[in-house]
Structure formats: structure tokens, C-alpha cells
Amino acid sequence: MKALVTTGLDPLALELSSVPDPRPRPDEALIEVHATSVNRADLLLAVRRPVGSSLGLDLVGTVLTAAADGSGPPAGTRVAGIADNDAWAELATVRTGRLAVLPDELGDHEAATLPVAGLTALYALRRAGSILGQRVLVTAAGGGVGRTAVQLALASGAEVTGWVGSAGRAAGLEDFGARTAVGYGQPPAGPFDVLVDSVGGEVFTEGYRRLGPGGVAAVFGNTVRAELRLPADWGHARPGVRIEYLYLLDEITRRPVPEDLGLVLRLAAGGRLAAEPGLVAPWTDPHAAVAALLDRKVNGKVVLSL
């Protein structure tokens, strides 16, 4: 079969190569891949993994062979899920505990935006508990996880502010019903009950300053690769505030992914969550799409179509 593999050079130097067909373990289904998407974590791995390594987490496709242990969906079922860094290929094996059945109303490209982004946003918000009536600040709200978190928080009854670095990254957020704050040098006033952050550095610090007593900071990334710093009065001025860190690939080992991802997919199929491919590109030529993602020229997710 064909797969996109690393060259060890940079994320733009991926190579389409012939590799052996995967052999599923008893708890894995063999999936014919129809679409996948690009996460920043994939691109970080592209220069860290050995030459010829596979990549890709998000996956949408059809079950060719059901899991031998009897778990998971039967052959012929359309599914979405999280692969083990091998989704950028014609075939992939996926643990049935990481698969959800895809509603008929949801297209492949739309569904491919949701496994990693949808579950990250869902679990980050769940770390905050009930957010009905709460004031939620989402940084990097123009990205795939950010846009999904904004929508899920609104659907849960929260008042949401999406904080972005430029006006172009704010496109569409107000259409969802969110307020917007543009420019990381101009923090929104607050106070907020919940901070959902993936930027890190000074953005995290300024977002944290705007949490009220009893607030929650749910952190799932650090795109600026800077140390997280708390203000000197970090606890005294904000009694009861807590910081929760979320690493999705660890989180899904303790969560019912088929049910949780199924919920996100049903919300999208029912029109309550906009699954937005910001850019769809053929998987045989992903380089321009990857470059656009790295340069933050895409709102939402980059999808590769097979």
C-alpha cells in the first residue's frame, strides 16, 4: 500500500512511499482510509521520528476487517477514530476503543476534522465541570481545537470569548455567538471562570490573570514553546483556582472514546457543531496544505483526501 512517511528533513518534505500492509492485532479493525487531517503534533513528529516513519492521528474510513476479538463495528461500517500515528495511508489498523460509528449525514471531510480536535475540546471543557452560565475564554480560537471548544462551550450554555492573534483568525467566531478578542497584546477584560489555553507563554499568563476565584485553567498545548509563568499573587488573589493539564493521547486511555467521539460526531451531523475543513488537499500532494497550516493561514483543520 501507499503511505506518507517522514524524510527526517522538515514537515514539508513528506514522501509518498510503498510500505507493507498493516496487520491488525485482535483488538484492532483494519480500515480503508478515506480522509485524514493534519495536527500540529503530526508535524512535530515529522522531524523527530526516524526516516520512513508513518504519521497521522485523525482517520475516517470504512471497516474492511472487523476486530478478531469481536469488539467494535462490523465490516462495511463507516467510522472515525484516532490511529496510532499511521493514518496517512491507504490502510490503517485502529484499536476498536478508539473508533466511533460515523452518522450517515456527516461527510468524510467534515468528520476528519473531529477526532483529535473534538475530543481535546470536549475533555478540556469537562475538566472545568459544569459551564452553564460560566464565562469561558478560549485562546487560539481560530484553530481546529479552539473553534470546536468555542462551539461546545456555547452549546453548553456558557458565555464565550475567543481570543486570537489576528483579525483573520477570528473569522466566523461571532457567527457562532462568541465574543472575540483580537491581538495577544490586548487581553480581554474578564473576569472569566474558565480559561482554555493552547498558546502558552505570556498568553497563558495574561489569561490566568483574568480568572476569577474558583476558576479553572484547562491547558492542552504550548505552541510558543515558552515557560508557563504564574503571576506573583497567583493563589492569594484567586482562591480556589486550579490548573488542569490535558494530554489527549494519555486521556483517551481512560475515557470511553467510542461514546465521546460518537457524541461529537452526532452534534456535527445534527448541525449543532460546525465541522469545518479550512482546507482540503489531495493526500498525494500535501505540501502546500502543510505549509498553510504552519503559517497559520488556515482557520479550522487541514484535511487530506484519499
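Before reading on, note that the structure itself is shown above.
Residues numbered from 1 in each chain as written. Predicted model: local features only at pLDDT ≥ 70, side-chain atom pairs only at ≥ 80, totals over all residues. Heavy atoms only, no water.

Examining the environment of Asn-299
Right, on to step 1. By the secondary structure assignment, Asn-299 is in the loop between α9 (287-294) and β15 (301-305).
Right, on to step 2. Overall, the relative accessible area of 22% leaves Asn-299 in the partly exposed class.
Right, on to step 3. Beyond its immediate stretch of four places on either side in the chain, Asn-299 contacts Gly-142, Arg-147, Gly-168, Arg-169, Ala-171 and Gly-278.
Right, on to step 4. A polar atom in the side chain of Asn-299 sits 2.9 Å from the backbone oxygen of Gly-168.
Right, on to step 5. At 3.1 Å, the side chain of Asn-299 forms a polar contact with the side chain of Arg-169. (Helix = DSSP H or I, 4+ residues; strand = E, 2+ residues; numbered from the N terminus. Buried < 20%, exposed > 50% of the residue type's maximum accessible area, 1.4 Å probe, protein only. Contact = heavy atoms within 4.5 Å. Polar contact = N/O pair within 3.5 Å; in protein donor to acceptor, adjacent residues only side chain to side chain.)

Here we look at the packing of helix α3 (residues 115-126) against helix α4 (residues 144-155)
Right, on to step 1. Between α3 and α4, the shortest axis-to-axis distance is 8 Å and the interhelical angle comes to 50°. Classed by the angle they form, the pair α3 and α4 counts as oblique. Note that α3 runs across α4; the crossing there is right-handed. When α3 is examined against α4, the residues Ala-117, Gly-118, Thr-120, Ala-121, Leu-122 and Leu-125 are found in contact with a partner set consisting of Gly-144, Val-145, Thr-148, Ala-149, Leu-152 and Ala-153.
Right, on to step 2. Grouping the amino acids of the contact of α3 with α4 by side-chain chemistry returns 8 nonpolar, 4 polar and no charged. (Axes fitted to C-alpha atoms, helices over the stretch in contact; angles between N-to-C directions. Parallel < 35°, antiparallel > 145°, perpendicular 65-115°, else oblique. Left-handed = near helix turned anticlockwise from the far one by under 90°. Nonpolar A, V, L, I, M, F, W, Y, C, P; charged D, E, K, R; others polar.)

Let's talk about the pattern of salt bridges
Right, on to step 1. Tallied over the full model, the rule gives 18 salt bridges.
Right, on to step 2. Two residues, Glu-206 and Arg-210, come together in a salt bridge whose shortest N-O distance is 2.9 Å.
Right, on to step 3. Classification of Arg-210 by relative accessible area gives buried; the value is 19%.
Right, on to step 4. Note that Asp-250 and Arg-254 form a salt bridge whose closest N and O atoms lie 2.7 Å from each other.
Right, on to step 5. Judged by relative accessible area, which is 35%, Asp-250 ranks as partly exposed. (Salt bridge = Lys/Arg side-chain N within 4 Å of Asp/Glu carboxyl O.)

Considering the sheet that holds strand β13 (residues 242-245)
Right, on to step 1. Taken in spatial order, the 6 strands line up as β10-β9-β8-β11-β12-β13 in an open sheet, and their pairing is parallel. Bordering the open sheet on either side are β10 (179-182) and β13, each of which pairs with just one other strand. For this sheet, the mean inter-axis angle between neighbouring strands, taken without regard to orientation, is 20°.
Right, on to step 2. One ladder, built from 4 bridges, connects strand β9 (residues 159-164) with β10; its direction is parallel. Counterpart to Gly-162 in the pairing with β10 is Thr-180. (Pairing = 2+ DSSP bridges.)

Re unusual backbone geometry
Right, on to step 1. For the bond from Gly-190 to Pro-191, the omega torsion is 0°, close enough to zero to count as cis.
Right, on to step 2. Counting through the fold element by element, Pro-191 comes out in the loop between β10 and β11 (192-197).
Right, on to step 3. Its identity is not glycine, yet Ala-140 carries a phi of approximately 50°, on the positive side.
Right, on to step 4. By secondary structure assignment, the location of Ala-140 is in the loop between β8 (135-139) and α4.

Details of the nonpolar core
Right, on to step 1. Core analysis: the biggest nonpolar cluster contains 52 residues, and Leu-119, Val-136 and Leu-265 have the highest contact counts within it.
Right, on to step 2. The set of elements that each furnish at least two residues to this core consists of β5 (78-82), α3, β8, α4, β9, β11, β12 (211-219) and α8 (257-269).
Right, on to step 3. At 8 residues, α3 tops the list of elements feeding residues into this core.
Right, on to step 4. Setting aside its immediate chain neighbours within four residues, Leu-265 contacts Ala-80, Ala-100, Val-101, Leu-102, Pro-103, Leu-106, Ala-111 and Leu-114.
Right, on to step 5. In this structure, Val-38, Leu-59, Val-79 and Val-290 belong to the second largest nonpolar core, which totals 27 residues. (Core = buried A, V, L, I, M, F, W, Y, C linked by side-chain atoms within 4.5 Å.)

Brief notes about α3
Right, on to step 1. Between its terminal C-alpha atoms α3 stretches 16 Å, which fits the 16 Å expected from 12 residues at 1.5 Å a residue.
Right, on to step 2. Taking burial as the measure, the 12 residues of α3 include 11 buried ones, the bulk of the element.
Right, on to step 3. Within the span of α3, buried status applies to Pro-115, Val-116, Ala-117, Gly-118, Leu-119, Thr-120, Ala-121, Leu-122, Tyr-123, Ala-124 and Leu-125. (Expected span 1.5 Å × (residues − 1).)

Looking at the pairing of strand β14 (residues 277-282)
Right, on to step 1. Relative to β15, β14 runs parallel, the two sharing 5 bridges. Counterpart to Pro-277 in the pairing with β15 is Lys-301.
Right, on to step 2. Handedness of the crossover joining β14 and β15 through α9: right-handed. (Right-handed = clockwise from strand over helix to strand, strands pointing away.)

Describing the packing of α3 against α8
Right, on to step 1. Orientation of α3 relative to α8, taken along the N-to-C sense of each, is 100°, at an axis distance of 10 Å. As far as their axial angle goes, α8 and α3 are roughly perpendicular. Here Pro-115, Gly-118, Leu-119, Leu-122, Tyr-123 and Arg-126 of α3 come into contact with α8, specifically with Val-257, Asp-260, Leu-261, Leu-263 and Val-264.
Right, on to step 2. For the contact of α3 with α8, the class distribution of residues is 8 nonpolar, 1 polar and 2 charged.

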